[in-house]
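# Structural features, examined
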Amino acid sequence: MLMLCAPMATFAQKFGHLDSQALLQSLPEAIKVQSELEAQGKIYENDLKAMQDELQRKAEEYDKNKSTMNATKQAETEQALQDMYTKIQQTAADNQQAFNKLQQEKLGPVLDKVRKAIEAVAKAGNYVYIMEQNAGQPLYVNTAISEDVTAKVKAQLK
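In this convention, every chain numbers its residues from 1, walking through the sequence in written order. In keeping with the model being predicted, local features are shown solely for residues with a pLDDT of at least 70 and side-chain atom pairs are shown and tallied solely at 80 or more, while totals for entire chains, interfaces and linings include all residues. Side-chain metrics rest on all non-hydrogen atoms present in the structure, leaving aside hydrogens and water.

### A closer look at the environment of Lys-66
We apply this condition: Going along the chain from the N terminus, every DSSP run of H or I of four or more residues is numbered as a helix, and every run of E of two or more is numbered as a strand. Only heavy atoms enter the contact rule, under which two residues are in contact if any of them lie within 4.5 Å.
Structurally, Lys-66 is set in the loop between helix 3 (28-65) and helix 4 (71-125). Measuring from C-alpha to C-alpha, the distance between Lys-66 and Glu-78 comes to 9.9 Å, with twelve residues separating the pair along the chain. Ignoring anything within four residues of it in the chain, the contact list for Lys-66 reads Gln-74 and Glu-78.

So this is what it looks like as structure tokens:
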């Protein structure tokens, strides 16, 4: 009987799961980074809004005065409006790229710290897998055999 049970104990595997959102929301540096990113996002948003408002104002002015303009002036104004629209689109793309870069620069070190803490908990606890509980993966977590290691990772981070 002992010979039959021994292999089962050898193959017993530990699984863990965690809530990374709760984990990040508990880290002061992650909260600080998030507020910095939100502030920068607001700046980008306000700049684009100002550009869009100016385009709207000029387009309405053009619509009012279009009938009194000669063909050359109409073409010049339409081209200017098109250039403004193109500039807004380019600025939006540039802002998104700059925001993504800033997000990587600011959040990258925090995520690396979290990743290392998860690895340390996994090694110390001999876990085979530690999975994200709320990211849609996995579809099911049997909490009877999978341990929630969020608190252990939080402790490791402190």
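### Re unusual backbone geometry
Test applied: The rule is simple: take the accessible area with a 1.4 Å probe, protein chains only, and divide by the maximum for that residue type; under 20% is buried, over 50% is exposed, in between is partly exposed.
Phi angles above zero are rare outside glycine, and Asn-126 is one such case at about 55 degrees. The exposed category is assigned to Asn-126, whose relative accessible area is 59%.

### Some details on the confidence of the model for the protein chain
Defined as follows: A residue's pLDDT is the predictor's confidence in that residue, given on a scale from 0 to 100.
This prediction gives the protein chain a mean pLDDT of 85; 85% of its residues lie at or above 70. Here helix 1 (residues 2-10) is the element of the protein chain with the lowest mean pLDDT, 47, and helix 3 is the one with the highest, 95. Throughout residues 1-10 the model reports pLDDT below 50, and contacts reaching past four residues in sequence, or to other chains, amount to zero contacts.

### Quick word on the nonpolar core
Where we set the bar: The criterion is simple. A nonpolar core is a set of buried Ala, Val, Leu, Ile, Met, Phe, Trp, Tyr and Cys residues joined through side-chain atoms within 4.5 Å.
With 18 residues, the main nonpolar core has Leu-24, Leu-27, Val-110, Val-114, Val-149, Val-153 and Leu-157 as its most contacted residues. At the level of secondary structure, the elements contributing two or more residues to this core comprise helix 2 (20-25), helix 3, helix 4 and helix 5 (150-157). At seven residues, the largest contribution of residues to this core is made by helix 4. If you look at the next biggest cluster of nonpolar residues, it comprises eight residues, including Met-69, Leu-81, Met-84 and Ile-88.

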